[in-house]
Amino acid sequence: MSQPTVFNQDYFVVKAKENGVHVIGLTRGSDTRFHHTEKLDKGEVMIFQFTEHTSAIKVRGKAVIYSQHGTIDTTE
């Protein structure tokens, strides 16, 4: 089985600070659309990577996002 093409091999991590944090994947292309949603509860951690289908991620709720570019706390 072949590996999917990856546009950015950098990973980022989202850690929920409350129940019900939504992480939403948005598509690439001329029409940006929601294509995937994950719901995290307090303390849950998920590791993400951009792909050929995902160009952006939206985080809704209180969370900490860790990446090579630094740490973002959505409550600040």
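This text goes with the structure placed above it.
Quick notes on the rules
Here, residues in each chain are numbered from 1, in the same order as that chain's written sequence. Residue-level local features of this predicted model are given only where pLDDT is at least 70; pairs of side-chain atoms are given and counted only at 80 or more, and the full residue set underlies all totals for whole chains, interfaces and linings. As a convention, hydrogens and water are excluded, and side-chain values are obtained from all of the structure's heavy atoms. Counting from the N terminus, the helices are the DSSP runs of H or I reaching at least four residues and the strands are the DSSP runs of E reaching at least two. Three labels apply to residues, based on accessible area from a 1.4 Å probe with only protein chains included: buried if under 20% of the type maximum, exposed if over 50%, partly exposed otherwise in between. Here, two residues are considered to be in contact whenever any of their heavy atoms come within 4.5 Å of each other. The method behind every accessible area is Shrake-Rupley, applied with a 1.4 Å probe, and residues are considered shielded solely by the protein chains displayed. Polar contact is defined as a pair of N or O atoms within 3.5 Å, subject to the rule that within protein one atom must be able to donate a hydrogen and the other to accept it, and that residues adjacent in sequence are counted only when both atoms are side-chain atoms.

Helix and strand counts for the protein chain stand at zero helices and seven strands. Of all 76 residues assigned to the protein chain, the portion counted as buried reaches 22%. Nonlocal contacts in the protein chain, meaning residues at least 24 apart in sequence, comprise 64% of its contacts between residues at least 6 apart. Taken as a whole, the protein chain presents about 5500 Å² of accessible surface, with 49% of it coming from carbon and sulfur.

A few words now on the side chain of Thr27. Relative to the assigned elements, Thr27 resides in strand S2 (residues 21–27). Looking at Thr27, the relative accessible area reads 18%, which means it is buried. Residues contacting Thr27, with those up to four places away along its chain left out, are Thr32, Arg33, His35, His53 and Ser55.

In this section: the side chain of Asp73. Considering the arrangement of structural elements, one finds Asp73 in strand S7 (residues 70–73). Look at Asp73 and you get buried, because its relative accessible area is 18%. In this structure the side chain of Asp73 is engaged in a polar contact, spanning 2.9 Å, whose partner is the side chain of Lys17. Engagement of the side chain of Asp73 in a polar contact is seen with the side chain of Thr75, the distance being 2.6 Å. If we skip the residues at most four places from it in the chain, Asp73 touches Lys17, Ala63 and Val64.

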